[in-house]
Amino acid sequence: MSTFQAPKGTYDLLPPHSATYLTVREAISAPLRNSGYGYIETPGFENVELFARGVGESTDIVTKEMYAFETKGGDRLALRPEGTASVLRAALEANLHKGGNLPVKLWYSGSYYRYERPQKGRYRHFSQVGAEAIGAEDPALDAELIILADQAYRSLGLRNFRILLNSLGDKECRPVYRAALQDFLRGLDLDDDTRRRVDINPLRVLDDKRESVRKQLTGAPALGDYLCEACKAYHEQVRELLTAAGVAFENDANLVRGLDYYTRTTFEFVHDGLGSQSAVGGGGRYDGLSEMIGGPALPSVGWALGVDRTVLALEAEGVTLDIPAATAVYAVPLGEEARRVLFAQVTVLRKAGIATDFAFGGKGLKNAMKSANRSGARLALVAGERDLAEGVVQLKNLESGEQTAVPLDAVVDEVRRTLG
Ligand code: AMP
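On a predicted model such as this, the values are computed, not experimentally measured, just so you know. (Residues numbered from 1 in each chain as written. Predicted model: local features only at pLDDT ≥ 70, side-chain atom pairs only at ≥ 80, totals over all residues. Heavy atoms only, no water.)

### Description of the nonpolar core
Grouped together as the largest cluster of nonpolar side chains are 48 residues, with contacts concentrated most on Phe51, Leu88, Leu106, Ile134, Leu181 and Leu185. At the level of secondary structure, the elements contributing two or more residues to this core comprise α2 (48–54), α3 (60–63), α4 (84–93), β5 (104–113), β6 (125–134) and α6 (174–185). For this core, the element with the highest residue contribution is α4, accounting for six residues. Residues within four places of phenylalanine 51 in sequence aside, it is in contact with Glu46, Gly56, Val62, Met66, Ala78, Leu79, Arg80, Pro81, Glu82, Ala85 and Ser86. Of all hydrophobic cores here, the second largest spans 41 residues; its members include Ala133, Leu242, Phe269 and Leu314. (Core = buried A, V, L, I, M, F, W, Y, C linked by side-chain atoms within 4.5 Å. Buried < 20%, exposed > 50% of the residue type's maximum accessible area, 1.4 Å probe, protein only. Helix = DSSP H or I, 4+ residues; strand = E, 2+ residues; numbered from the N terminus. Contact = heavy atoms within 4.5 Å.)

Next comes the structure, spelled out in structure tokens:
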């Protein structure tokens, strides 16, 4: 194995492609920042119990995919596999829910870790932007989050995504359904692992992708038939609000998602150009999570959108983002004196907000001009002894080749004028 190889299932973001990731994070968070969500950052690792209790002991995420380890001090920690449990833990620790201003609305952006079998769109280190609205039971809040995610994807130019929507019921009706489903599943021909899952988390069996299991599931009791009146009414309101907002969705009775904490509203954003890893984002209501991790009752809702898969979705749709060139002006000094003068000009231009770079390393004119072209700059600022003697620099338009002499003290204005 080469020393210069990223660990399996991970990849590096390198310029210029990395600029797309920044733009995607920015675009996903923009609607949140515009809607009362405050930025939160939590550690990359937490006590392992938080995820075991929160995400669920029976989920693949906790049993198979978690990077759990013991520190030298004997603490049992895990790299975070998802964001919701950490954000709720942080909010509870800081008593944000006691400020008398519920819901507490938070957004985050960061790296997450799952020991998965790597493939396109599925990595061991990936990046999400997420949002959580903690401490309010209100269908408008569920609708708000779905609308904001829809707006985020659309602002990026994505069109071929669909929103799948379901309700998982609450602590009144879900147990009744769970028992009925268990009765049904216990009558099927299933392997030992799946039987265990029937005992611990039968809803997840509905999500089994294997054909041998799928074909036995026809005729399974449907959650929709078991929803209590309160859950039905709640779900109907979410749907009405989405429809009124012009956000199209599909009802998907099989959407259970891979995390245990969801109740009532659950949703997933899928993109049809991504093959098997088609979920670009997902979320839902988690009214019981706070109590599961030892907090008070705090009905909440949230989502996380995958940055990696959003970038793949953009590629699949052939969308190119409008990302400005990193450098607008490139300064090329010819000689020592010019180096001092132009380097000072570079700082002046940067302070004026103009993206400027400099030919470092004492390059000759030819090489320096090559670098100028590669940088994507539209203008080069070139100066030699004779220019300096006249108090000017040459401003060269790299697109047209046109060149004009500009007095040193007029450079910023002239550059601004030319860049428009
Ligand atoms: P989840 O918490 O599993 O619902 O994940 C939310 C979103 O994060 C998914 O829709 C994906 O876009 C993204 N995601 C989850 N796991 C991975 C992974 N292993 N690699 C890349 N993206 C992922």
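Next comes the rest of the write-up.
### Examining the domain arrangement of the chain
On domain assignment, one finds that the chain holds domain 1 (18–173 + 227–317) and domain 2 (329–419). On a C-alpha basis, the centres of domain 1 and domain 2 stand 48 Å from each other. (Domains from an automatic or database assignment.)

### Structural notes on helix α1 (residues 18–33)
Here α1 spans 22 Å end to end across 16 residues, near enough to the 22 Å set by a 1.5 Å rise per residue. Regarding α1, the residues found buried are Ser18, Thr20, Tyr21, Val24, Ala27, Ile28, Ser29, Pro31 and Leu32. Where α1 is buried, its residues contact β5, β6, α5 (139–155), β11 (300–306) and α11 (307–317). (Expected span 1.5 Å × (residues − 1).)

### So, the packing of aromatic side chains
Summed over all chains, the structure comprises 13 aromatic pairs. Look at tyrosine 112 and phenylalanine 126: their rings are 6.4 Å apart centre to centre, the planes differ by 40 degrees, and that puts the pair in the tilted class. On the criterion of sequence distance, the pair formed by tyrosine 112 in strand β5 and phenylalanine 126 in strand β6 is long-range, its members being 14 residues apart. In this structure, tyrosine 112 and phenylalanine 126 share a single accessibility class: buried. Joined through ring pairs, the aromatic side chains of Tyr153, Phe161, Phe267 and Phe269 make up one cluster. Seen from the ring of tyrosine 112, arginine 80 lies directly overhead, with NZ or CZ sitting 4.5 Å from the centre. Sitting above the plane of the tyrosine 115 ring, arginine 124 keeps its charged end 4.0 Å from the centroid. (Phe/Tyr/Trp six-rings, centres within 6.5 Å; stacked < 30°, edge-to-face > 60°. Lys NZ or Arg CZ within 6 Å of the ring centre and 35° of its normal.)

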